[in-house]
Amino acid sequence: TKQNVIAIRTYIGVGYPYGNSQQIPAQKQFFAGGTNGLRAWTAFSLGPGSYKTNIDNSINYFLGNIKLESSIEYRFPLFNMGSKKMKGALFLDAGNIWNMQEIPEQHGSKFEKDFLSEIAMGVGLGFRYDMSFLILRVDLSTPIRMPYPINNTNWVENPFNKALNGDITINIGIGYPF
């Protein structure tokens, strides 16, 4: 309806180095997580592939040259605040980034035929304050599926209980609905 909307977004990207380059420039590479991506992770913190960082790792951001991401979001009205509207959203995000070549320090980062097993998923609840010319957005989300196994499964055990106990990622967006 006019007030209730289902929004679906898909992003597919591939960057390939050419000539004598071994990789594409960092500013042209893809990242996962953050306000416009998989909202259950902070920007640059997910991937590549099934690579799992450890606390001792000095790298705090991850890039890849292949990206696959999709989102489905149900948007609905909540209440009016004066002449402006407060809206809600329930969403599911899925995707990851990969590299064309395995990076030695990042085992599992190469895009291979079993890439679907490395898809990360997160769910969440969002609030949108629609001022007609500008949308202020706050999303609260939690992972439900990791790109790597934890206790022999990629699925997060009791994700909603973890979210209720504060294991959530908060993303703030300005000026765009996704």
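Residues numbered from 1 in each chain as written. Predicted model: local features only at pLDDT ≥ 70, side-chain atom pairs only at ≥ 80, totals over all residues. Heavy atoms only, no water.

### Quick look at the side chain of Ser71
And step 1. By the element assignment, Ser71 lies in strand S2 (residues 66-81).
And step 2. Residue classification places Ser71 among the buried positions, given a relative accessible area of 2%.
And step 3. Within the structure, the side chain of Ser71 is placed 3.2 Å from the side chain of Arg39, a separation counted as a polar contact. (Helix = DSSP H or I, 4+ residues; strand = E, 2+ residues; numbered from the N terminus. Buried < 20%, exposed > 50% of the residue type's maximum accessible area, 1.4 Å probe, protein only. Polar contact = N/O pair within 3.5 Å; in protein donor to acceptor, adjacent residues only side chain to side chain.)

### Things to note about the nonpolar core
And step 1. Among the nonpolar cores identified, the biggest contains 11 residues, and these are Phe30, Ala32, Leu38, Ala40, Trp41, Leu46, Ile97, Ala120, Met146, Tyr148 and Val156.
And step 2. When neighbours within four sequence positions are excluded, Leu46 is seen to be in contact with Ala32, Leu38, Trp41, Phe62, Gly95, Asn96, Ile97, Ala120 and Pro147.
And step 3. Formed by 7 residues, the second largest nonpolar core is a distinct cluster that contains Trp98, Met121, Val123 and Ile144. (Core = buried A, V, L, I, M, F, W, Y, C linked by side-chain atoms within 4.5 Å. Contact = heavy atoms within 4.5 Å.)

### Quick word on the pattern of salt bridges
And step 1. Enumeration according to the criterion identifies 10 salt bridges in this entry.
And step 2. Between Asp139 and Arg39 there is a salt bridge; the shortest N-O distance is 3.4 Å. Placement of the pair is Asp139 in strand S5 (residues 135-150) and Arg39 in the loop between strand S1 (5-14) and S2, with a sequence separation of 100 residues.
And step 3. When the shortest N-O distance is used, the salt bridge between Glu69 and Lys67 registers 3.7 Å. (Salt bridge = Lys/Arg side-chain N within 4 Å of Asp/Glu carboxyl O.)

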